[in-house]
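Chains, contacts and geometry: an overview
Chain residues, written in single-letter form:
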Amino acid sequence: MVLGDSITSGYGLQDPARETYPALLSQKIAQAGWSYQLVNAGVSGDTTAGGLGRIQWVMKGGADVLIVALGGNDGLRGVAPATTASNLSGIIQEARRHQPNVSIILAGMRMPESMGAAFVRSYATIFPDVATRGKVSLIPYFLQGVGGVPRFNQPDLIHPTAEGQRVIAETVWKTLSPVLVIRHKFLLEKKSAAQDG
């Protein structure tokens, strides 16, 4: 399950069902021979508050792995970093309340220097701090190699092109694939124990 905003939902892409990073991750999962079904729960314009408000519904069907890719809109709207951090922690707590064994990955975000040095520094600490406190995996910078790079973004320099989405997919995969390997092993051991019992 990927909980995200317009970048996750594929704003501005010609074929979001094929070009978004979640769609590309689905292809990688299939190529690895795993039977996971990846659900794209991206909503354009979503914030961490919005994610917290809908995590209960998102998790209703269950999820083995949850990727939280929210916070960019918070920063661009000047939401206080402490509020964003609180919302992200709430998402993690709610996800675990509904699915205690869910593996969670938090996608780290950064703000452009135009937001002001103090805000940029404060915002940058949110994700590693929340990941450490929540004991979840962290993607250090979700938009590594893409953020602010014209060739990988649409004219607004915010939403990635299909090529930019491919770069994001590679970045996410570096953190996601080891989690899936461990998760797959855990499920196999659980299934074997049930059969032996």
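Residues numbered from 1 in each chain as written. Predicted model: local features only at pLDDT ≥ 70, side-chain atom pairs only at ≥ 80, totals over all residues. Heavy atoms only, no water.

**A closer look at the pattern of salt bridges**
The test is simple: Think of a salt bridge as a Lys or Arg side-chain nitrogen and an Asp or Glu carboxyl oxygen that are within 4 Å of each other. Accessibility here uses a 1.4 Å probe with only protein chains present; expressed as a share of the type maximum, an area under 20% marks a residue as buried, one over 50% as exposed, and anything in between as partly exposed.
Per the counting criterion, the structure on display carries five salt bridges. Asp 15 is the salt-bridge partner of Arg 18, the closest N and O atoms lying 3.4 Å from each other. Overall, Arg 18 belongs to the exposed group, its relative accessible area being 59%. A relative accessible area of 29% means that Asp 15 is categorised as partly exposed. In this structure, Arg 54 engages Asp 46 in a salt bridge whose closest nitrogen and oxygen atoms are separated by 2.8 Å. Take Arg 54 and Asp 46: they sit in the same class, and that class is buried.

**Some points on the nonpolar core**
Defined as follows: The set of buried Ala, Val, Leu, Ile, Met, Phe, Trp, Tyr and Cys residues whose side-chain atoms join them within 4.5 Å is what this entry labels a nonpolar core. Working rule for contacts: check all heavy atoms of both residues, and any pair within 4.5 Å makes them a contact.
Residues Tyr 21, Leu 25, Leu 66, Phe 142, Val 172 and Leu 176 are the most contacted members of the largest nonpolar core, which totals 55 residues. Among residues more than four places away in sequence, those in contact with Phe 142 are Ile 7, Tyr 21, Ala 69, Ala 107, Gly 108, Met 109, Ile 168, Thr 171 and Val 172.

**What about the packing of aromatic side chains?**
Applicable threshold: Pairing of aromatic side chains here covers Phe, Tyr and the six-membered ring of Trp, requires ring centres within 6.5 Å, and sorts the geometry by plane angle: under 30 degrees stacked, over 60 edge-to-face, intermediate tilted. Per the convention used, a helix needs a DSSP run of H or I reaching at least four residues, while a strand needs a run of E reaching at least two, with both numbered from the N terminus.
Summed over the entire model, instances satisfying the criterion amount to five aromatic pairs. Measuring from centroid to centroid gives 5.5 Å for Tyr 123 and Phe 127, while their planes differ by 65°, and the two rings are edge-to-face. Highlighted residues: Tyr 123 and Phe 127, both in helix H7 (residues 117-134), separated by four residues, approximately one helical turn. Each member of the pair, Tyr 123 as well as Phe 127, carries the same accessibility label: buried.

**Quick word on the pairing of strand E3 (residues 65-69)**
Threshold: What makes two strands pair is DSSP finding at least two bridges between them.
Within E3, five of the five residues are buried, which leaves it mostly tucked inside the rest of the structure. In E3, alternate side chains face the same way, and those of Val 65, Ile 67 and Ala 69 on one face and Leu 66 and Val 68 on the other are all buried. Pairing geometry for strand E1 (residues 2-4) and E3, over three bridges, is parallel. Bridged to Leu 3 within E3 is Val 68. In this structure, E3 lies alongside strand E4 (residues 103-107), joined through four bridges in parallel fashion.

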